[in-house]
Amino acid sequence: MPRKKCVDKREISPDPKYGDVLLQKFINKVMLQGKKSTAEKLVYDAIEAASKGKTDSPVDVFKTALENVRPRVMVKSTRIGGATYQVPTEVTLNNSQAIGMKWLITFARKRSEKGTALKLAGEIDDAFNNRGNAFKRREDTFKMAEANKAFAHFKW
């Protein structure tokens, strides 16, 4: 982090197949060891498999799944007067999308289907239908924020 200049946010070009910036961010998160073409193939296969049998387009299925998974409120540890409190804070849109993508990928990799594309498709389909591990993580995070609502006045 530089001391004098403000760092500009990098522009992410849209993905080549659907022309969507959010999908390109997801492909970049799925990518391992710089293999972008492999990540693109995995993500495209996954969203097409997840949207099979639905009237929505594959990108709309992915966006709905991400919207269902991304957290609105999270807890943040704050130390006040020698005690540590879990203070609920709102999450910005970009940050919540990044966290939702991370949860989708993490729980997809833990699934038992054969092949990464099928694992990712299963997790996206579950998130689209408001179930699955990523959706459960969002619900648990929200419940934790609700339980610690009494400490909201510690937010700066």
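On a predicted model such as this, the values are computed, not experimentally measured, just so you know.

**Q** Tell me about the layout of surface pockets, and name the residues and values.
**A** In this structure, the largest pocket encloses a volume near 310 Å³. Together, Lys9, Arg10, Ile12, Leu22, Lys25, Asn28, Lys29, Asn94, Asn95, Gln97, Ala98 and Met101 line the largest pocket. Among the elements of the structure, helix H1 (21–30) and helix H4 (93–109) are those that each provide at least two residues to the lining of the largest pocket. Per element, the largest residue contribution to the lining of the largest pocket is 5 residues, and it comes from H4. Residues that form the lining of the largest pocket fall into these classes: 4 nonpolar, 4 polar and 4 charged. Within this model, the second largest pocket holds a volume of roughly 220 Å³. For the second largest pocket, the lining is made up of 13 residues, of which Val30, Leu32, Leu42, Arg109 and Thr116 are closest to its centre. Only helix H2 (36–50), H4 and helix H5 (116–128) provide two or more residues apiece to the lining of the second largest pocket. By residue class, the composition of the lining of the second largest pocket is 8 nonpolar, 2 polar and 3 charged.

Rules used throughout
Residues numbered from 1 in each chain as written. Predicted model: local features only at pLDDT ≥ 70, side-chain atom pairs only at ≥ 80, totals over all residues. Heavy atoms only, no water. 1 Å grid on protein atoms, 1.4 Å probe; cavity = no way out; pocket = protein on both sides within 12 Å on 5 of 7 lines; lining within 4 Å. Points joined across faces, edges and corners; volume = space filled by probe spheres on them. Helix = DSSP H or I, 4+ residues; strand = E, 2+ residues; numbered from the N terminus. Nonpolar A, V, L, I, M, F, W, Y, C, P; charged D, E, K, R; others polar.

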